[in-house]
Amino acid sequence: MRLYAPATVDQVVDALLRQPDIAASVVADERRPARPAEAAPLPVWLDQRLRDGLARRGLTTLYSHQAAALEALHEGRDVMVVTPTASGKSLCYHLPVLQAVAGDPAARALYLFPTKALSQDQLVALEALAGAAELELAAAVYDGDTPAPIRSTIRTAGQVVLTNPDMLHAAILPHHTKWFQLFEQLRYVVVDEAHLYRGVFGSHVANVLRRLFRLCAHYGSHPQLILCSATIGRPGALAASLTGCPVTVIDHSGAPTGPRRVVLLNPPVVDARLGVRGSTYGLVERIALAFMRAERQTIVFARSRTGVEVLLTHLREALREGRGPRERLRGYRGGYLPSERRAIEAGLRDASVLGVISTNALELGLDIGRLDAAVLAGYPGSVAATWQQMGRAGRRLEPSVSLMVASSSPVDQYIASHPAYLLAGSPEEARLDPDNLHILLAHVRAAAFELPFEPGERFGEAPADDLLAFLSEEGHVRQADDGRWYWASENFPASEIPLRTAAADNVVIIDTGGPRPRVIGEVDLFGAPTVVHEGAIYLHESRQYHVDRLDWDERKAYVRPVDVDHFTQAESAVTLKILETFAREDAEGGSRSHGEVMVSRLATIYKKLRFTTLENLGWGRIHLPEMEMHTTAYWLALDPAAVAGWRRDEVDVALVGAGRAMQTVGSVLLMSDPHDLGLVTQVRSPHLQQPVIYLYDGVPGGVGLAARLHERHDELLAGARDLVASCPCDAGCPACTGPRLETGDDGKLLAGRLLAILAPGARRAAA
Amino acid sequence: MVAGMAGDPILRAQRLERLRALDHRLTLATHLPPRPSPAPPPDPARRAADLARALDGTVVEGRGGPIVAVTEHVSLPLDMPALVGLPLDIDPSRPLVLLDTETTGLGTAAGTVAFLIGLGRWDGASLEVRQLWLPDHAAEPALLDALEAFLPPAACLVTYNGRTFDWPLLVARYRLHRRSPPELGAHLDLLPVARQLWRHRLADARLVSVEAGVAHLQRHEDLPGALVPDRYFAYLRDGSTRPLLAIGRHNREDVVTMGRLLQVLARELAAGEARRLAHPGDVAALARLLRRRGRRDEAASCYEDALAACERPDAPRTVDAGSVALEHARLLARLGRRAEARGIWQGLTHRGGEVALHAWLAMAKDREHHLRDPAAALAAAGEVERLLARRRAMGLFTRDLERDLPRRLQRLRRRAAERQVRAMPSRAPRA
């Protein structure tokens, strides 16, 4: 094949797979057939102007899922639309909203998007549709960028207000009296990209929605809900915990797709002893280059902003050497100017841009048309996100291809050794716990600020009185003569609650290296002593920073950029105390439980380790207070008989190694970041007098991870056993039983032996 | 549902109990008041009666619960006709109502309550001050009823920063109770007025500063506003009424002071002989206000009064009469009273300093564009150049003038030369 010759995606893939090292990397190569469109007529009740508007844009029928959503809404039900990327989900909410406004100009709708860019994008789409239908529509984005002079106009006259949960939480709900026209006439609440509202963020958003619905009830409106989501497991359960309402789930897409090929690759092992594999980005580059030289529109997803820039530089370099279309290759990530981003999106739609290297910013529903090939550098962290990103490739009729190249991280390696998990398995559930006590209390404060609570009034499932009584002890809330609970404080509670982290009390990291100090990040208080202690090397966007000073009382860490050949690793003495057992069942080799625990961590020393060799270059002491966290945990207590005859140190190593593998598999199963799950092992638990492996929820109060692990114990153990068994390293590596520093030379062997006891039975077929 | 998860009330009670025992630092806000003693059972009537006794007021029964009203009469004659003439948009048919609130916080979000509304309205020469107190959150509907009842139809509300704070906050309270706020006839916010008229001679535009500097009143032991919310919360918790007395006094003073400021405005700044005895800076500021409102003739006479006030032997030295005269002349020129303006400019050229510079410049423009005499204009511009040079020698720079002047001089020289040539046609083209 010549370097620059147009070719089909299949030809490109076949040519790539003829190269021996790439062929050796393939762990799965699957073809999915094309699917024709399933059309449905426009509903008879649809406003004539909207029919005309759609006709002007060439639409005389809908896809079946759009029609089903409209019908369910027409019947007064709440709906959740769960279909793939670019299947026309947004029409499922724009049409009913425009129908409502066409029938009654006083009607209002509120759109929630997780990012500002999506709000802008959908405003353009909504206005275009209204314009085509020749409907007068006052729609506006209300977010932090909205200029002050037009804010009051939007408040009083905006028929459709597009915003984000943070803005709703901090600017709209606390000022609801200025929005009374909206709250009195609210017909629809649209929650797009609902699958992103999971974990801590989701738990916060669920409470923000409780507050929203509470105010709607006060103003006498009963808005219908329209949720849209990428394909995830049990979407109805997500909708129920996010909104507190049962919804009609519409998950059969009627949008057509061309044939698609999905290829998973795992770079070959280059050092079996350490389990080191070939470069992910190197392979991604070769693949992306082949597609672009064949004139195929390609999107590459990198895992970080730095990854985007590195790939962009290398690919442009390669394209220049071969006189390729380098000007038609663009980067896309947060930090680019909005106008620049809009230009790239338009360029993708009209094919003037041939290739784009993006962070997950383009995974969301921004309209960039459909491309020929998607190349994922690493597993995006969940099955749902993987399909979202892969779904960016997929034209209506022509074939497309999606490739994922695994990185050497434990989670990626788990996926690479279990391709069926991704290809055949159902996507994960998005989990959240709106009743996390800490989050719940924070939002009850905010809700009391907004409107007094009636005695016995429910907030979520249960009456809030006990929470309010608790808050009244602090003096922020008081029960008045009429029995209602009123806010009684000067504070503005919403401003004290950041939605995207669990605790307000974070340590802020300040870069003092530049001309003026700049905040570059935050770490939660519990994690701070091991991450930003004085002398630590803090990594941020692949840059190294040295922590010069940690002002503990002010919660500030002062850092400056450095370029050194080592990193630091803090050691801490972690103790875990069981406070309450919620459930306990017998399990193979012992018992499984979950409940409430207290984790205490005292950072003791830190080591300086050389990057490549992990050689110890020195150490220092950490003088910081012991941190305590009150959270939930899942634990596996071993029957002492199961490890009868083992030496104590063997049990110790086996627990740590098995625990690491369980931590990895657990984070895959729960669609969470591996850091969200903490690991503690005890050779002899003071509480249970048995060897125990604990996985605890890294958020104060927990967001339900522990309970889910308890439920999925069998899958968790089988997965951990397979992960260790199938890892090509010889004696344990970061991808299976953890760094060898932790477990020593017998780690993998012992962990494997232990896991075989805890999860007996044949190894599940990998495919 | 997984056992032990969401919504299990017994479990939640246990978890709350453990949270109580824990170090709060990790979980909730940082400022924690001491745990209060258990509150006595609510007795709204007694609570209101205690408050009324402490404040020397009366209990008023209403929706939601009783409120407390404190009424007082203060002699404060107001010359309405004089006030109506000022550029404050006061309509004599709309009764003035003074209003100032004390609140549980800053901002106008839904969690901030006005617990004391201080009001004032005139009955002849007497100002009736009415303070409406909220003894308990529950009685807010009654408080809002009482406010509505006090406001006559189409009232003109008079506040200090009430346009951005007090009134929007009260509107929010009505909205929260799903009621329409009372209709106002007009709203006069004295804060921007004070900034325009008096700020030039005061350290800041806070009401106490204006009161001291303009109405010559000095408060004793005034309560800092930051202490107000805490005192009210303490009262709600334990019923202690004594700390509220200072809040009541502070609010009453604020209401009365607004009345006094209107009195000062009517007495000192209304058109007439009195204005010449007022602070010349205030009168000049009023002239500017009139000019901006388009009341140019009145502005011109107000400038005259300001200049007359400057001439007074006791006039403060802080006002630059020359600048005021320049503004006056510029306005007269705009009004077409150029002869008068020229007289003023001519007079100002003898003053020296920057004023003379601007006077010569104004004359240069006038001679060029209106008298159409480039030679005379050139002479005036030459004076400007001479004065600028002298100032430069003293290390004083007048940058915009220096930047523009060369072009002006060049143009005037050219025009003057052209005029000369045209004046001598016979000698022109032959050569």
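Each chain carries its own residue numbering, running from 1 in the direction its sequence is written. Written order decides the labels, with chains lettered from A and ligands numbered from 1. Where totals are concerned, whole chains, interfaces and linings use all residues; where local detail is concerned, this predicted model gives features only for residues with pLDDT of at least 70, and gives and counts side-chain atom pairs only at 80 or more.

### Here's the deal with the overall build of chain B
Right, so step 1: Numbering of helices and strands runs from the N terminus; a helix is a DSSP stretch of H or I covering at least four residues, while a strand is a stretch of E covering at least two. Of regular secondary structure, chain B possesses 16 helices and 7 strands.
Right, so step 2: Burial in this document is a count-based property: other C-beta atoms within 10 Å of a residue's C-beta are tallied, and the residue is buried at 20 or more, exposed at 12 or fewer, or partly exposed in between, with C-beta positions derived from the backbone. Counting over 431 residues, chain B shows a buried share of 36%.
Right, so step 3: With C-beta atoms placed from the backbone, a contact is any residue pair whose C-beta atoms sit within 7 Å. Of all intrachain contacts in chain B linking residues separated by at least 6 positions in sequence, the fraction that spans at least 24 positions is 64%.

### Section: the overall build of chain A
Right, so step 1: Looking only at helices and strands, chain A has 25 helices and 33 strands in total.
Right, so step 2: Viewed in the frame of its principal axes, chain A has a C-alpha envelope of about 85 × 80 × 60 Å.
Right, so step 3: Counting only residues that meet the buried cut, chain A has 52% of its 767 residues in that class.
Right, so step 4: Partitioning the intrachain contacts of chain A with sequence separation of at least 6 by distance along the chain shows that 71% fall at a separation of at least 24.

### What to know about the pairing of strand E5 (residues 108–112) of chain A
Residues and elements named next belong to chain A.
Right, so step 1: Summarising burial for E5: 5 of the 5 residues are buried, a large majority.
Right, so step 2: Side-chain alternation along E5 places Arg108, Leu110 and Leu112 on one buried face and Ala109 and Tyr111 on a second face that is also buried.
Right, so step 3: Sheet topology note: the E5/strand E8 (residues 186–191) ladder contains 5 bridges and is parallel. Bridging from a neighbouring strand, tyrosine 111 pairs with valine 190 of E8.
Right, so step 4: Strands are labelled as partners when DSSP assigns at least two bridges between them. Where E5 and strand E7 (residues 160–163) come together, 4 bridges link them in parallel fashion. The residue bridging tyrosine 111 from the neighbouring strand is leucine 162, located in E7.

### What to know about helix H21 (residues 648–669) of chain A
All names here are of chain A.
Right, so step 1: Each helix should span, by expectation, one fewer than its residue count multiplied by 1.5 Å. The end-to-end C-alpha distance of H21, which contains 22 residues, comes to 31 Å, matching closely the 32 Å that a straight helix rising 1.5 Å per residue would cover.
Right, so step 2: Most of H21 is tucked away: 18 of the 22 residues are buried.
Right, so step 3: At the exit of H21 stands methionine 671, carrying a positive phi of roughly 60°.

### So, the sheet that holds strand E6 (residues 156–159) of chain B
Residues and elements named next belong to chain B.
Right, so step 1: Spatial ordering of the open sheet is given by E1-E2-E5-E4-E3-E6-E7, a layout of 7 strands whose pairing is mixed. The strands lining the two open edges of the sheet, one partner per strand, are strand E1 (58–60) and strand E7 (186–189). The sheet shows a mean angle of 30° between the axes of neighbouring strands, direction not considered.
Right, so step 2: The pairing of strand E4 (residues 114–123) with strand E5 (residues 126–133) spans 8 bridges and is antiparallel. Within the sheet, the bridge partner assigned to tryptophan 122 lies in E5 and is leucine 127.
Right, so step 3: To define axes, lines are fitted to C-alpha atoms, for helices over the stretch in contact only, and angles between the resulting N-to-C directions are given on a 0 to 180 degree scale. Along the sheet face, helix H9 (residues 242–269) touches strand E2 (67–75), strand E3 (96–103), E4, E5 and E6 and points at about 35° away from the line of E4.

### Considering the environment of glutamine 413 of chain A
All names here are of chain A.
Right, so step 1: Inspection of the secondary structure puts glutamine 413 in helix H16 (residues 410–417).
Right, so step 2: Measuring from C-alpha to C-alpha, the distance between glutamine 413 and alanine 735 comes to 6.4 Å, with 322 residues separating the pair along the chain.
Right, so step 3: Other than its neighbours up to four places away in sequence, glutamine 413 contacts Ala406, Ser408, Cys727 and Ala735.

### Focus: the confidence of the model for chain B
Residues and elements named next belong to chain B.
Right, so step 1: A score between 0 and 100, pLDDT records how confident the predictor is in each residue. Averaged over every residue, the pLDDT of chain B is 88; residues scoring 70 or more account for 90%.
Right, so step 2: Low confidence marks residues 1–7, where pLDDT is under 50. Its contacts with residues over four positions away, or in another chain, come to 18 contacts.
Right, so step 3: Across residues 23–36 the pLDDT falls below 50, and counting only partners more than four positions away or on other chains, this stretch makes 17 contacts in the model.

### Here's the deal with the sheet that holds strand E10 (residues 248–250) of chain A
Strand-to-strand pairing in sheets goes through backbone hydrogen bonds, with the strands running parallel or antiparallel.
Residue and element names in this part refer to chain A.
Right, so step 1: The strand order across the open sheet built from 7 strands is E6-E7-E5-E8-E9-E4-E10, with neighbouring strands paired in parallel fashion. This sheet does not close on itself; its edge strands, each paired only once, are strand E6 (139–141) and E10. Within the sheet, the average angular offset between the axes of one strand and its neighbour, ignoring direction, is 15°.
Right, so step 2: Packing of helix H11 (residues 235–243) onto the sheet brings it into contact with strand E4 (79–82), strand E9 (224–229) and E10, and relative to E4 it is tilted by some 135°.

### Side note on the pairing of strand E11 (residues 260–265) of chain A
All names here are of chain A.
Right, so step 1: Within E11, 5 of the 6 residues are buried, which leaves it mostly tucked inside the rest of the structure.
Right, so step 2: The pairing of strand E1 (residues 26–32) with E11 spans 6 bridges and is antiparallel. Looking across to E11, one finds that alanine 28 is bridged to leucine 264.
Right, so step 3: In this structure, E11 lies alongside strand E18 (residues 400–405), joined through 6 bridges in parallel fashion. Following the sheet pairing, arginine 261 is matched in E18 by valine 401.

### Side note on the environment of leucine 236 of chain B
Right, so step 1: Looking at the element boundaries, leucine 236 of chain B is found in helix H8 (residues 228–238).
Right, so step 2: Residue leucine 236 of chain B is classed as buried on the basis of its 22 C-beta neighbours within 10 Å.
Right, so step 3: Between the C-alpha atoms of leucine 236 of chain B and histidine 137 of chain B, which are 99 residues apart in sequence, the distance is 8.9 Å.
Right, so step 4: Leucine 236 of chain B has contacts with Arg478 and Ala488 of chain A, leaving out every residue within four places of it along the chain.

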